[in-house]
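Geometric and topological summary
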Amino acid sequence: MIIRSIRLKNIKSYGEGADGHGTTVHFQPGINRIAGQNGHGKSTLIEALGYALFLAKPLCEETFDAATYLLRAGHKAGEIDVTFEHGGQAYRLERGLGIQNQRRTKVVQISDGSIAEENDEPVADFLCRLFGFPDAERLCELFAKLAGVKQGRLTWPFDSKPGDARKHFEPLLDVEIFRQCFDRLKPVVDQFERQRFAEENKLAAVRERLRERQDSAAQAKARRSQVDALHLEVESAKALFQAAEQAKQTLEAKEKALFEAQRDRDSAQHALAVSVQQREHAAQRLKESSAAAAVLAQTSADHEAFTRAEAALNQLHEEQTEKAALEKQRSEALTRRAECDGKASGAGEQAATFASQRETKAKSRAQIEEMAKQLRTSLAQSQPLFEQLALSIAQTRHDEQTLRHWLDGLPKRIAAQAAHGKELEEIGETLAAWDAEALCTARKAEQAAGAQLENLSGQLAATRDAHQNLSIQLEEIGGGVCPFLKERCQQFDPAKVRGDLREKESAFKSLGKQLLAARETHRQAKAALDKLAAQEAQLGQVRKNFDQRFAEFLAEHNALHAASTREAACRLAKLLEGVAPFETLPPVIRETCFQNDGSTWRTGAASEISRAGSAFADGARAWLDGIAPALKTRFTDFDAERDQRLAHERDLNHHDRQLEVLSREIESLTARAEAKTQETGRWRANVEAEAKTVGDLDEKLKPFATLDQRVRAQQELKKQHGEGHGRHLAAKPLADQLGDRRLEVETLEKSATQAAGQLQLKDEALKQAQQAFDPQALDSARRAFHEKHAQVATLTANLVNARAGLAREEQRLREFEAALSESEALEVEIGRLGAAIDLTEKARRVLQKAAPSVAQHLCRRIAARGQQIFNQISQDPCELEWNSERYSLRIHPGDRRFAMLSGGEQTKLALAMTLAMIQEFSGLKFCVFDEPTYGVDAESRPKLADAILEVQNAAAFEQLFLVSHDDAFEGKIEHVILLKKSATGTQVEAA
């Protein structure tokens, strides 16, 4: 895995950044050094990376919510974005923090911009799948304990007490689970025991059911025989019951016929009585109608006279209605004439009033027009001079503000430049103190030592070859025999060869000692050369940065007095006659700060430049403060003139608005006067029209003068004939029914005769029915029916009870068979649970005993891998032993414990073991070292820095983050990220 960048917004020391989107830090493959002073955000970078990508909350003694811990003070929402590559794909992880955070956690695949996963839990599952971890807890544990160990805690696990070491390592090695299995499987055994106890209780209950139902088969057979016998008895009784029911129904039909004949005879008798009564009532009504006809003949004259008087009176009432309408119209016309006369007088008076008001308004308008004309002429004549003065004052104000703003920012810029200059002075002194000849001398010494070492190595090899040849010769001529002639020869004297051999051995030992001395001399010369070369390389980078920073320093100094400020000062000096502009800041060139050929820094040059800038700022501030009273006087005079002119403009605008209002009022009054004059004419015409209408209505009312006398005469006639008219109206309804009532009497007499004949026929039918019916035979049939019915009911109830008993016994039999099957199944389940208990108990004991062996095996494998890494970075090879009982490290030879090692050796060994465990438990090939030189002395830090670089190569990591502000790593790591804290938050200074 390779992390490409991380973006932080409002996370601890990281603010919103210059563009409001936070601060982005970019990384490269290989080693990335994150440098900066204490409190500048180095550890925050690692904590944010662990929280976002590895789901690891910050490690601290107090309990904090991650949002509270990581959020920048005073903010309620923060953002973390991590861009990384893994498995050939590039992703961007986005997380938000805080109670007001509106941002969802998600993973974006950069190749197509699609969202791979969204929300906290799905993103955590996605990261675990991507990195190959079983769950989020394991991923977090890997970062907290291995890949991202917190500052100062790298060696702690290896130097802690056995209990603390076990708590730290056993969850990581996954061996604690073996010890926990013994306790964790105990609830399983208990559960099996409870299940077996429950099954045994069920079996006891089932066996009790079997005991209670063991006779169910015999009882069911007996009940079935009883049901069959009762069924035959019920069928026989039902046949006898049906015969008795048939006889009863026949006699009941005869009884029903007798009752119907009696009812028909009673109905005929009742019909005859009703007919006789109706005939008598109709005769009485006929008599009443005849009397009413006689009264109608007596009162016909009164009725006709009353009817004629009433018709005449109705005609007179219509005339009264017409008269009242004419009188109402005459009254309304008189009222309208009076109203029109009053309105005509009022309209005339209003027309006169409007005309008088119009004349008054016209005089006021003439006076205001004259005043406005004088103001407009005065303002127009002074407008060009005022506009020119306003432009001049605006430019002056802008120039003063420009200089004020520039002077307000100068102290901060000069202070920053002074700090920059101080740093340059320190770097310049360091560069000036460098002795370039020392490197040449060291290189020559190393070359000479190398040549001497090579010469001695050649001499030693030649002496070794000569010694070997003499040994072979001595072996061949041990008896003085020539190896070629196979005869004794004086030239092959073994004593002489032995002397030469001893001489060569002496020379070999002497050369060996010289070679050891020469190798040590060469090693020391090479170490001195490497140290000077490293310092030279470091100084080369420093010199390059110094040139760049010095150029920026000069640019900052020369930019203190910008062209805009010079122009503003010149304009102000020109405006104030007799005032000269302040002196400009002379530009500084590079050559004035260096000596000799321009490559040697001149001590104090940066301080001189900073002092010149400070003096320049003081002079500019004094000059501007000196001209401030004169500028204020000019501004005050202009403001007074401007206020007076604005007052005149306001008066002119007020006069213009008054003229507009007066003109509209005059036009309105003229129109209203004319309207009222026209209205007066219209009302006078209406008065004359209403007077003509009153005269016409008086002519129409003349024919109605005698109407009241004629009404009284007709009313007297109605009163005279009213009594006869009333009797006539009362008798007329009955007299009109005389013919109908006479016909009704005749019809009812015929109906009474027919009803008497029907009564005789019904009496004969009743006598025949009484002769055909025998009441005693019916009583006997009913008693026989009830006896047979009771017998059938009793037998049927017995059959139902017998069938219910049979169903109960059959149910008991089924329950017996089911209990038998259940008993067999329970016995099998109890046996299975017993086997499970035995197997689980055995597994508990086996896993408990296997834990130490598994732990020791893992410890040996990790120690072997850690030993390989440690031997690559240590000059003294050793053998590591990691005991799983106490998790204590021992080093052989010497049988030294971890606590007995020096600080540098402990850090190296902790690094090697940590990397070995990362290789064992993670395939990410990624690691973070947070202040690895913490607690190491100054002399050991460079060696430890070299060891860490070698560790990265030895472990073949794709990417390693080295968090350190120690200068031991200067010049050794190519990609450096320098963090610097400012008022707005931590920023990336250089990369």
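Residues numbered from 1 in each chain as written. Predicted model: local features only at pLDDT ≥ 70, side-chain atom pairs only at ≥ 80, totals over all residues. Heavy atoms only, no water.

1. Let's talk about the pattern of salt bridges
Applied cut-off: The salt bridge definition used is simple: a Lys or Arg side-chain nitrogen within 4 Å of an Asp or Glu carboxyl oxygen. Think of it in three bands: residues with accessible area under 20% of the maximum for their type are buried, residues over 50% are exposed, and the middle band is partly exposed, with areas taken using a 1.4 Å probe on protein chains only.
For the structure on display, the rule yields 43 salt bridges. In this structure, Arg-103 and Glu-94 form a salt bridge, with 3.8 Å as the shortest nitrogen-oxygen distance. A residue is classified by how much of its surface remains accessible, and Glu-94, at 10% relative accessible area, is buried. Residues joined in a network through salt bridges with shared partners are Arg-7, Glu-79, Asp-81, Arg-92, Glu-94, Arg-103 and Lys-106.

2. Quick look at helix α3 (residues 120–131)
Rules: Only runs of H or I of at least four residues qualify as helices and only runs of E of at least two qualify as strands under DSSP, and these elements are numbered from the N terminus. Here the expected length of a helix is defined as 1.5 Å per residue gap, with one fewer gap than residues. The contact criterion used throughout is that any non-hydrogen atoms of two residues lie within 4.5 Å.
With 12 residues, α3 should reach 16 Å at 1.5 Å per residue; the first-to-last C-alpha distance of 17 Å fits that figure. Taken residue by residue, α3 has Val-123, Ala-124, Phe-126, Leu-127, Cys-128, Leu-130 and Phe-131 as its buried positions. Tucked into the core, α3 has its buried residues touching α1 (42–53), β4 (78–86), β5 (89–97), β6 (106–109), β7 (114–118) and α4 (136–147). One or two positions beyond α3, positive phi appears at Gly-132, with a value near 80°.

3. Section: the sheet that holds strand β13 (residues 896–897)
Put simply, the rule is: Strand pairing follows a simple DSSP-based rule, namely that at least 2 bridges must link the two strands. To obtain an axis, a line is fitted to C-alpha atoms, over the contacting stretch when the element is a helix, and the angle between two such axes runs from 0 to 180 degrees between their N-to-C directions.
The antiparallel open sheet is built from three strands, whose spatial order is β11-β12-β13. A strand with exactly one partner marks an edge of an open sheet, and here the two such strands are β11 (879–883) and β13. Taken together, the two bridges between strand β12 (residues 888–892) and β13 define a ladder with antiparallel strand orientation. Directly across from Arg-890, in β13, lies its bridge partner Arg-897. Along the sheet, helix α18 (residues 903–921) contacts β11, β12 and β13; its crossing angle with β11, the most-contacted strand, is approximately 70°.

4. Side note on the packing of aromatic side chains
The description of an aromatic ring pair rests on the distance of the ring centres and on the angle between the ring planes. For clarity, the threshold we go by: Each Phe, Tyr or Trp ring, with Trp reduced to its six-membered ring, pairs with another whose centre is within 6.5 Å; inter-plane angles below 30 degrees give stacked pairs, above 60 give edge-to-face pairs, and intermediate values give tilted ones. Whether a charge sits over a ring depends on NZ of Lys or CZ of Arg being within 6 Å of the ring centre and within 35 degrees of the ring normal.
Taken as a whole and judged by the stated rule, the model has 12 aromatic pairs. Ring centres of Phe-54 and Phe-926 lie 6.0 Å apart, and the angle between their planes is 15°; on these two criteria the pair is classed as stacked. You can see Phe-54 sitting in the loop between α1 and α2 (66–70) and its partner Phe-926 sitting in strand β14 (residues 926–930), a full 872 residues away along the chain. The exposure class of Phe-54 is buried, given its relative accessible area of 0%. On the basis of relative accessibility, which here comes to 2%, the residue Phe-926 falls in the buried class. One aromatic cluster is present, built from ring pairs that chain together Phe-27, Phe-54, Phe-84, Tyr-91, Phe-126, Phe-131, Phe-143, Phe-926 and Phe-961. A cation over a ring is seen here: Lys-248 above Phe-785, with NZ or CZ 4.6 Å from the ring centre. Looking at Arg-397, its charged tip hangs above the ring of Phe-635, at a distance of 4.5 Å from the centre.

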